[in-house]
Every structure is written in C-alpha cells, then in structure tokens.
Amino acid sequence: MTINITREKILHKGFANISDIRKFVPCGYEKAKKIFLEIRSDVENEGKSNFENSILSVRLLPYIGLTEKKVMQFAKTEKADLAESTKD
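### So, the overall build of the protein
Along the protein, the regular secondary structure elements total 5 helices and 2 strands. Along the protein, helices (α) and strands (β) appear in the sequence α-β-α-α-β-α-α when read from the amino end. Taken along the three principal axes of its C-alpha coordinates, the protein extends 50 × 25 × 20 Å. By residue count, 33% of the 88 residues in the protein fall in the buried class. Contacts spanning at least 24 positions in sequence make up 50% of the contacts within the protein whose residues lie at least 6 apart.

So this is what it looks like as structure tokens:
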C-alpha cells in the first residue's frame, strides 16, 4: 500500500494511535510518541479533552505539510496508478 492511501484510511477512521502516527508521518516509535504527546498537550491547552489512547487524525496534517484535500487527491492518483499497473 502506498503512503497516501494509508493516510487516507487513517483520516477516514477519524482518530490515530501511535502506530497510526508512525504510518502517517512516517517515523519511528519515539518520534510518533513525541507527536502524540504534543498533540495531546495542544488539545488540553485549547481547553478540550483528549481521547483515551488516540488523537484526532486531522491534527497530524501539519506534521506532513498537506491538507486533507491534497491527501485525498494523492491517494486517488495512487489508486489509479495501482489499478493501471495490475492491468499488465
């Protein structure tokens, strides 16, 4: 599976755990945990409450410098490329 198809699935799910962050960014465990804790801290600083063991997946977008719309466009292109490559 390609990166933007993976990102699209995580965005559609609506939340992300550390494992999802590793796939979304992509990065190792320590970096993912740091991102996870930063986002949880941001949520608390906004006066909101966090999920138990996850974050809203849309909060990962600034870490990759893309919008949700761009991720969806890239995923659509990747799906088309995969479909084309399986025809041969």
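### Brief notes about the pattern of salt bridges
Within the structure shown, the criterion is met by 5 salt bridges. We note a salt bridge from Lys13 to Asp20, for which the minimum N-O separation is 2.6 Å. Given the relative accessible area of 38%, Lys13 is considered partly exposed. The partner of Glu46 in a salt bridge is Arg59, with the nearest N and O atoms 2.7 Å apart. A residue pair is termed long-range when its members are at least 10 positions apart, and Glu46 in the loop between α3 (29-45) and β2 (55-56) and Arg59 in the loop between β2 and α4 (61-64) qualify at 13 residues. Given the relative accessible area of 21%, Arg59 is considered partly exposed. Through salt bridges with shared partners, a single network forms among Glu46, Lys48 and Arg59.

Reading guide: rules and limits
Here the residue numbers are simple positions, counted from 1 along each chain's written sequence. Restriction of local features to residues with pLDDT of at least 70 applies here, the model being predicted, together with a cutoff of 80 or more for giving and counting side-chain atom pairs; totals for whole chains, interfaces and linings are based on all residues. Based on all heavy atoms of the structure, the side-chain values leave hydrogens and waters out of the count. Helix numbering and strand numbering both begin at the N terminus, where a helix is a DSSP run of H or I of at least 4 residues and a strand a DSSP run of E of at least 2. Partly exposed describes any residue whose relative accessible area lies between the buried limit of under 20% and the exposed limit of over 50%, with all areas from a 1.4 Å probe on protein chains only and scaled to the type maximum. Two residues qualify as a contact provided that any one of their heavy atoms is within 4.5 Å of a heavy atom in the partner residue. Throughout this description, the term salt bridge denotes a Lys or Arg side-chain nitrogen within 4 Å of a carboxyl oxygen of Asp or Glu.

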